[in-house]
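Chain and residue survey
In case you want the letters, here they are:
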Amino acid sequence: MKKFVLIFCIATVLNLMGITAYAETSGAVQKDNSFPVRYLCESLGAKISWNAQQKTVTVNYRNKSLELRIGSKTIISNGKQIDLENEISTSGGRALLPVSVLNNELGLGLSEQDCLSIVGKKFIGLLNDKSYEEAEALLSRIFSNYLTSDGMEYLAEGIPQLQPADESIEYWQDSLHQIIGIPLKDRQNTYYTIRFDHEGKIDELGIFGRQPEAAPAPEYASAENFTETEVVIGTGAWALPGTLTMPKGDGPFPAVILVHDSGALDRDETTGYIKPFRDIAYGLASRNIAVLRYDKRTLIHSSKLKLIGNVTLNEETEQDAYAAAEFLKTAKSIDNSRIITLGHSLGGYAVPRIMATGGDTFKAGIIMNGFTRPQYELMPEYLEYLEGKGLASAGQLEYVKAQVEMLSSPGFNPKKPPESYTMGNLHYYSYMKDYDVMDQAGKINKPVLVMQGQRDFIVSTHIDFTNWKKAFEQNINARFKLYPELNHLLTGGEGDSTPQEYYSKTNIPEYVIGDIVDFINKLE
């Protein structure tokens, strides 16, 4: 339990159509993507043969047969020739056909979800067998630019002991991906996720725990007063799925961009049972303020980030805040002169830099339990707090203290760290070391609202909240709110806060939403 709580806290601080017959998707299939014929058919027990000389594939399934020739625009189905719109192609040495053709001619009855599940499990099998070239053929164009054979070997190292369980595969989708979750043996409530683009190609991989049942929407949320639309933030390799929560009416409305804390967080910033960003979005939109929130890059693109290495706060958080602002500039009914960035914890730490780099884009900034020092400097403090609660060991505390002492040394060189430094994230922490957040904040004269839960054991009221007051002391547009009864997530409680508090089904209080609304409504 102690180890779990420690990890939890670190994560807390520290996504050939036929001309006529196949013009539309048939049966249960939602799309008409092409998949490897062998994978789909063999999964149902079909017999497949390959004639290398004639370059033909023959499929026998029950009492039906299908013959196809690579490069041809025709197939022979039960002795009858059928024309296709496109030539039959291959990928990774496997013939491809639209699933509608296979369903109609062989009666497979496969849905898009079935196809993705088959391909996903086959991909894991290819990684286990070190058949990297064949596995690479299943990747999207973007993902294949990152996941080379060497990269596959790196990612495959942990796969053998994480074999998929034999229970049902879960399926869901967002505005960017179709996703399958394969439950894992010996890892309760954990699944291996494979994200497919909308052409049925593998676009990302990851291992994630199932989200627990969350707190219900807050009572102050008036669903009849707003709408939600699935959107895509950014383009290319780092595009993110998100949600635009819009008040009903003509507008134009001020808009808030929500910037996450540390970790692989979803658009609601789900932590335990609590969904802080959902609460904020619903509360503000109920009061005529639009909100844009999105799944974090570390959740949706975790494998690519591991493969490129040297990730900093810029890649983790800042770039996507700028992309979100660009999206809002083109969104209907948004007041472009009143775009506000709200950052929580790590996101709050980044707000001064986001505002400075964003130029005239941001009208104001809101810092919610944001820290004012490099993140590693907080780690000994909250671990010491947890040790006092019996939730961390003295050994863990001493290890982190020694590592942070090395990091904090003026002579520390991330390109040549001491052999005794083993905490990782060198470039990430070095970026923070070079980021003078106090100096950056001191240069801001735009409206700023700093909000702090006094019971937060991660971000210090005594140090960080006081630092923000010093940084903004020359800013006549700065406002400060201290909430004695609130914690790191700005939810309530009594006595000393602990991580277990995040497993209480509660919401951000309505008066916090009211303070944000009051601040925004006074912007000129």
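All values reported here derive from a predicted model rather than from experimental measurement.

Now for the sheet that holds strand β12 (residues 202–209). Pairing in this open sheet of four strands is antiparallel, and the strands run β9-β10-β11-β12 from one edge to the other. Looking at which strands have only one partner, the edges of the open sheet turn out to be β9 (170–173) and β12. On average, adjacent strands in this sheet sit at an angle of 20 degrees to one another, irrespective of strand direction. Note: strand β11 (residues 190–196) against β12, seven bridges, orientation antiparallel. Across the sheet, residue Tyr192 finds its bridge partner in β12, namely Ile207. On the sheet, helix α4 (residues 112–128) packs against β9, β10 (178–183), β11 and β12 and is oriented at approximately 55 degrees with respect to β10.

With that settled, consider the packing of aromatic side chains. Summed over all chains, the structure comprises 13 aromatic pairs. Consider the rings of Tyr146 and Trp238, whose centres lie 5.8 Å apart with planes at 70 degrees: the pair is edge-to-face. Taken together, the residues span a long stretch of sequence, with Tyr146 in the loop between α6 (141–144) and α7 (149–156) and Trp238 in the loop between β13 (226–233) and β14 (240–247) at a distance of 92 residues. Judged by its relative accessible area of 24%, Tyr146 is partly exposed. Arranged with centres 5.8 Å apart and planes meeting at 10 degrees, the rings of Trp468 and Phe472 form a pair that is stacked. Each member of the pair, Trp468 together with Phe472, is buried. Aromatic ring contacts, followed pair by pair, group Tyr349, Phe371 and Tyr435 into a single cluster. For Arg353, the ring lying beneath its charged end belongs to Tyr435, and the centroid distance is 5.7 Å.

Along the polypeptide, Gly200 turns up in the loop between β11 and β12. Judged by relative accessible area, which is 7%, Gly200 ranks as buried. C-alpha of Gly200 to C-alpha of Phe35: the two residues are 165 residues apart in sequence and 7.6 Å apart in space. Excluding residues that lie within four positions of it along the chain, Gly200 makes contacts with Asn33, Phe35 and Leu116.

As a further point, take α7. All of the buried residues along α7 are Gly151, Met152, Leu155 and Ala156. Buried residues of α7 fall within an arc of 135 degrees about the axis and therefore sit on the same side. The inward-facing, buried residues of α7 contact α4, α5 (132–136), β12 and α10 (302–308).

Further remarks concern unusual backbone geometry. In this chain, Gly251 is followed by Pro252 through a cis amide linkage whose omega measures 0 degrees. Looking at the secondary structure, you find Pro252 in the loop between β14 and β15 (253–259). Here the phi dihedral of Asn78 falls at roughly 50 degrees; this positive angle occurs in a residue that is not glycine. In this structure, Asn78 sits in the loop between β5 (74–77) and β6 (80–83).

Here the focus is the environment of Pro276. In this structure, Pro276 sits in helix α8 (residues 276–285). C-alpha of Pro276 to C-alpha of Thr506: the two residues are 230 residues apart in sequence and 9.7 Å apart in space. Discounting chain neighbours no more than four positions away, the residues touching Pro276 are Asp268, Glu269, Leu489 and Ile508.

On any regular strand, side chains alternate: one points to one face of the sheet, the next to the other face. Of all six residues in β10, six are buried; the element is thus mostly enclosed. Bridge count between β9 and β10: four bridges; the pairing is antiparallel. Looking at the pairing, Trp172 lines up with Ile179 of β10. In this antiparallel pair of consecutive strands, β9 and β10, the connection spans four residues. Taken together, the six bridges between β10 and β11 define a ladder with antiparallel strand orientation. When the bridges of β11 are listed, Ile180 appears paired with Ile194.

We now examine the confidence of the model for the chain. On average, residues of the chain score 90 in pLDDT, and 92% of them reach the 70 mark or higher. Taken as a whole, residues 1–29 scores under 50 in pLDDT and shows 88 contacts with residues more than four places along the chain or in a different chain.

Scoring rules and cut-offs
- Residues numbered from 1 in each chain as written.
- Predicted model: local features only at pLDDT ≥ 70, side-chain atom pairs only at ≥ 80, totals over all residues.
- Heavy atoms only, no water.
- Pairing = 2+ DSSP bridges.
- Helix = DSSP H or I, 4+ residues; strand = E, 2+ residues; numbered from the N terminus.
- Axes fitted to C-alpha atoms, helices over the stretch in contact; angles between N-to-C directions.
- Contact = heavy atoms within 4.5 Å.
- Phe/Tyr/Trp six-rings, centres within 6.5 Å; stacked < 30°, edge-to-face > 60°.
- Buried < 20%, exposed > 50% of the residue type's maximum accessible area, 1.4 Å probe, protein only.
- Lys NZ or Arg CZ within 6 Å of the ring centre and 35° of its normal.
- Arc of directions from axis to C-beta.
- pLDDT = per-residue confidence, 0-100.

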